[in-house]
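A look at the structure
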There are 2 protein chains.
Amino acid sequence: MPAQHTRDGGTPRRHQTAARSARPTGHDVADAAGVSQATVSLVLGGKWEGRVSPRTAEAVRAAARTLGYRPNLAARTLRLGRTRTALLVVPALTGEFFAAVHQGAVEVATSHDFGIVLYPSPEGIEKTPDPFASARTALDGVIASSMAPDALATLRGEGLPLVMLDSDEGDCDATVNVDIADGMRQVAAHLLALGHRDVAHLAADVDSWTFTARAEALAHALRAGGGAVVRTERAALSVAGGLDAATRVLAPGSARTPTAVVCDDDLLAAGALKAARRLGLRVPEEVSVTGFDDLTLATAVEPELTTVALPAQRVGAAGMEALLAVVEGRPPRPVRLPVRLLERGSTGPRP
Amino acid sequence: MPAQHTRDGGTPRRHQTAARSARPTGHDVADAAGVSQATVSLVLGGKWEGRVSPRTAEAVRAAARTLGYRPNLAARTLRLGRTRTALLVVPALTGEFFAAVHQGAVEVATSHDFGIVLYPSPEGIEKTPDPFASARTALDGVIASSMAPDALATLRGEGLPLVMLDSDEGDCDATVNVDIADGMRQVAAHLLALGHRDVAHLAADVDSWTFTARAEALAHALRAGGGAVVRTERAALSVAGGLDAATRVLAPGSARTPTAVVCDDDLLAAGALKAARRLGLRVPEEVSVTGFDDLTLATAVEPELTTVALPAQRVGAAGMEALLAVVEGRPPRPVRLPVRLLERGSTGPRP
DNA sequence: CCGTCATAGTTTTACGTATAACGCGCTCGC
DNA sequence: GCGAGCGCGTTATACGTAAAACTATGACGG
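What you are looking at is a predicted structure, and each value in this text was computed from that prediction instead of being measured.

Here is what the cut-offs are and how they apply
- Residues numbered from 1 in each chain as written.
- Chains lettered and ligands numbered in written order.
- Predicted model: local features only at pLDDT ≥ 70, side-chain atom pairs only at ≥ 80, totals over all residues.
- Heavy atoms only, no water.
- Helix = DSSP H or I, 4+ residues; strand = E, 2+ residues; numbered from the N terminus.
- Rg over C-alpha atoms; globule rule 2.2 N^0.38 Å.
- Buried < 20%, exposed > 50% of the residue type's maximum accessible area, 1.4 Å probe, protein only.
- Contact = heavy atoms within 4.5 Å.
- Lys, Arg positive; Asp, Glu negative; His and termini not counted.
- Charge placed at Lys NZ, Arg CZ, Asp CG, Glu CD.
- Pairing = 2+ DSSP bridges.
- Least-squares fit on C-alpha atoms with pLDDT ≥ 70 in both.
- Axes fitted to C-alpha atoms, helices over the stretch in contact; angles between N-to-C directions.
- Near = heavy atom within 4 Å.
- Polar contact = N/O pair within 3.5 Å; in protein donor to acceptor, adjacent residues only side chain to side chain.
- Salt bridge = Lys/Arg side-chain N within 4 Å of Asp/Glu carboxyl O.
- Phe/Tyr/Trp six-rings, centres within 6.5 Å; stacked < 30°, edge-to-face > 60°.
- Expected span 1.5 Å × (residues − 1).
- Arc of directions from axis to C-beta.
- Core = buried A, V, L, I, M, F, W, Y, C linked by side-chain atoms within 4.5 Å.

What follows concerns the overall build of chain A. Across its full length, chain A holds 12 helices and 12 strands. The C-alpha atoms of chain A give a radius of gyration of 28 Å, which is well past the 20 Å a tight globule of 351 residues would have. Seen through its principal axes, chain A has C-alpha atoms that stretch 95 × 45 × 40 Å. A buried classification covers 48% of the 351 residues belonging to chain A. Considering only contacts in chain A between residues 6 or more positions apart, those separated by 24 or more positions represent 70%. Both charge centroids of chain A, one from 37 positive and one from 39 negative side chains, sit 6 Å from each other.

Here it is in structure tokens:
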């Protein structure tokens, strides 16, 4: 006999004085229920039917309950190699948009016995290029809205399923898109209907596919309706950035002054509102302003922003569903979610 | 010989056809470097000095590098029983405050080889009373800003180090507080200096210690300076909630109309601004409004909010430092961080 | 020439779980 | 009456890592 186990039926098994109140293991439950650890695993794993009698199964469950047993995740992971855990990569924790995305993903995940851990990356994804270290556990898949090239390469090298949210990245297993283009089309149609022809675009100074798409869709839709983007101004993605850029756009002396300012984001639109007020322009009587994303801020400012609401929660849910499909070997189909224009007080007829 | 290992020096060790591109283990590195797995662990663990020759150590490191070896976290956790991972419990993901708290905590954590995983709980902490399941890994400690009683009991039962942020919870190992009372004192002093005496308080309708503390501190400070809270109105913690409550407070016909409205949060203050405008009251000429927390929103509205800025990032950093102290057995000392009043456009002299 | 000690490793074990492989006592069909 | 099958378990093993215990080789002092 090469090595007798310390654990031989009933005798205390910890070397220490038990002062640390160590968590009970499957062996403890087995001892308490008078069965073997294997049986405990079978019962608690739910695959005991036909292998363990109902009476014994109930005894095991009772023992587990009274001991407050919870399986050791590390051991389970080591054994299975899978964790039923997905990483959700979000560009920053600040945004309300991703808070809703997260919530949607969590709801789908929990209903499929999956877990979600967040990887919020301050200042883009550049700073911490190792999502794995951040996750603190093995992963079964990744859902990401944007990702630095090297981080993406690491992921692909690991062979992890990857779902991209609102991105044009081709090298992934599934995509979930929001119909940004249609949102801008709705904005354009709304402004054209109000008589506007000359529109300025406050473009977020962020190198991301979604903003490129916004610019293109806006220009296209306006032209198709007889209008035009007469000026594009890049702005830092903040209220102050919007204020600066809008001030440049709306300042008198410009050759062809726009009657409407379309912003890539509500933050910029809030800044535009401030700029208009400082320049003595009334909104929406003298100039119309539109936002994007429908943040809390959109109804906090006066007038309230006409903006485009994105189905953030559904984005998260669809992302998680797609990941589940990939993990389970089903073919995920690409998703494109609709958006909705909310007409509020910041837009009106052309002066 | 009871059981010969599958792994006997050089022979392929996977049962599968290696198509899965499994991650290399410490044994693979050992084979590549011509040493044993124990040596690999020693070298990569950094405690090889005096036990392994520099030449061998370098060979091991080189092999690990070329194979792209990264230790299996689950195995390490199982072995060590510790994870160098802390759970940060935040009430919701939406708030900018906790985004900054998180960032501060992460910075301190990473510099001490610790990790942080988030536990964002939608709708208070009630919904998912099991932080452990959410963490998806074993934990070495918890930092929490608020916590449902049963979740807290679970935590304590586990014997996990617990640091509370901005709470009066006594049953924890360390606390980090923000000097909310001083913030309200500064607000009161500011308003008193502007001549205000009759002040309304828009109280957040949230059952949390921090808001109770705000109310008490405000009343106290005002009374000490010859003023008074002539009216307290509870409001849902949102712009709409602030709008409702402020409308009730500012509507004409009240016996003793306040000349200033102090709000528990910038969201409420933004609502108060809207209420004033709808009632035809100019801010700050006819009524002053103050906020709390200095959200992005505070400078997006017009006029910009006079508000109290909290050192969110330092809260997170201090929380993580306290947790490290507890984990390492050092006595953590309680922290109380200062706040700062930002005087902006929403407050002015009493009419 | 032998015991001691340092160097440079290796062998072995344990962590807690899931599961494949293996009993063992009964009951049946024939 | 006896092998086959079934119901109900148990035993043994592997996952990858860290670290305690051990081994082998040489140097050196007395």
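Moving on to the pairing of strand S1 (residues 85-90) of chain A. Residue and element names in this part refer to chain A. For S1, the tally of buried residues reaches six of six residues, placing the bulk of the element in the interior. Alternating positions in S1 separate into two faces, Thr85, Leu87 and Val89 on one and Ala86, Leu88 and Val90 on the other, with burial throughout. Bridge count between S1 and strand S2 (residues 115-120): six bridges; the pairing is parallel. From the neighbouring strand, Leu88 faces S2, where its bridge partner is Leu118. With four bridges joining them, S1 and strand S3 (residues 141-144) adopt parallel strand pairing. The residue bridging Ala86 from the neighbouring strand is Gly141, located in S3.

Taken together, a rotation about one axis and a shift along it account for how the two chain copies relate. Mapping chain A onto chain B calls for a rotation angle of 180° and an axial translation of 0.1 Å; the resulting RMSD is 0.2 Å. Classification of the inter-copy transformation places it as that of a two-fold axis. Minimal C-alpha separation from the rotation axis in chain A is found for A:Ala74, amounting to 2.2 Å. Here 100% of the interface residues in chain A have copies in chain B that are interface residues too; the copies meet face to matching face.

Residue and element names in this part refer to chain A. An order of S2-S1-S3-S4-S5-S11 is seen for the six strands of this open sheet, with the pairing classed as parallel. The strands lining the two open edges of the sheet, one partner per strand, are S2 and strand S11 (335-337). The sheet shows a mean angle of 15° between the axes of neighbouring strands, direction not considered.

Further remarks concern the protein's contact with DNA strand C. Neighbouring DNA strand C are 27 residues, the closest being A:Gly26, A:Tyr69, A:Arg79, B:Thr39 and B:Ser53. When atoms of DNA strand C within 4 Å of the protein are sorted by moiety, sugar and phosphate together comprise 57%. Note that a base oxygen of DNA strand C is positioned 3.1 Å from one of the side-chain N or O atoms of B:Arg51. When residues of the surface near DNA strand C are traced back to their parent elements, those giving at least two are helix H1 (26-33), helix H2 (37-44) and helix H4 (73-80) of chain A together with helix H2 (37-44) and helix H4 (73-80) of chain B.

All right, on to the pattern of salt bridges then. Per the counting criterion, the structure on display carries 36 salt bridges over all chains. A salt bridge links B:Glu304 to A:Lys274, with the shortest nitrogen-to-oxygen separation between them at 2.3 Å. Of this pair, B:Glu304 sits in the loop between strand S9 (288-290) and strand S10 (307-309) while A:Lys274 sits in helix H11 (residues 266-278), on two different chains. On the basis of relative accessible area, B:Glu304 is assigned to the partly exposed category, the value being 23%. Among the charged side chains, a network of salt bridges with common partners joins A:Arg23, A:Arg70 and B:Glu158.

Further remarks concern the packing of aromatic side chains. Residue and element names in this part refer to chain B. Counting across every chain of the model gives two aromatic pairs over all chains. Plain terms: the ring middles of Phe97 and Phe98 are 5.0 Å apart, the flat faces sit at 85° to each other, and that makes the pair edge-to-face. For the pair shown, Phe97 and Phe98 are each scored as buried.

With that settled, the discussion passes to helix H3 (residues 54-67) of chain A. Residues and elements named next belong to chain A. Compared with the 20 Å implied by 1.5 Å per residue over 14 residues, the 20 Å span of H3 between its first and last C-alpha is a close match. Listing the buried residues of H3 in full gives Ala57, Val60, Ala63 and Ala64. An end-on view of H3 places all buried positions within 125° of arc, on one side of the element. Facing away from the buried side of H3 by over 90 degrees, the exposed positions are Pro54, Arg55, Arg65 and Thr66. Where H3 is buried, its residues touch H1 and H2. Phi turns positive one or two residues past the end of H3, at Gly68, with a value near 70°.

For the rest of this paragraph, the subject is the nonpolar core. In terms of nonpolar packing, the biggest core is built from 90 residues, with A:Val163, A:Met320, B:Val163, B:Leu310 and B:Met320 touching the most fellow members. Broken down by element, this core gets its largest block of residues, nine residues, from helix H12 (residues 312-327) of chain B. The contact partners of B:Leu310, leaving out residues within four places of it in the chain, are B:Phe97, B:Val178, B:Ile180, B:Arg214, B:Phe292, B:Asp293 and B:Val339. Membership of the second largest hydrophobic core comes to 60 residues, among which are A:Ala275, B:Val239, B:Ala246 and B:Leu268.

Right, let's get into the sheet that holds strand S7 (residues 228-235) of chain A. Residue and element names in this part refer to chain A. Strand order across the open sheet formed by four strands is S7-S6-S8-S9, with parallel pairing between neighbours. In this open sheet, the two edge strands, each paired with only one partner strand, are S7 and strand S9 (288-290). On average, adjacent strands in this sheet sit at an angle of 20° to one another, irrespective of strand direction. Relative to S7, strand S6 (residues 198-204) runs parallel, the two being bridged by seven bridges. When the bridges of S7 are listed, Ala200 appears paired with Arg231. In the packing of helix H8 (residues 180-193) onto the sheet, the strands contacted are S6, strand S8 (260-263) and S9, and the crossing angle to S8 comes to about 170°.

The next thing to look at is the protein's contact with DNA strand D. Inspection of the region around DNA strand D gives 26 residues, with A:Ser36, A:Thr39, B:Gly26, B:Tyr69 and B:Arg79 positioned closest. Here the atoms of DNA strand D within 4 Å of the protein split so that 56% fall in sugar or phosphate, with bases taking the remainder. Elements supplying a minimum of two residues to the surface near DNA strand D: H2 and H4 of chain A together with helix H1 (26-33), H2 and H4 of chain B. Tallying contributions element by element places H4(B) first for the surface near DNA strand D, with four residues.

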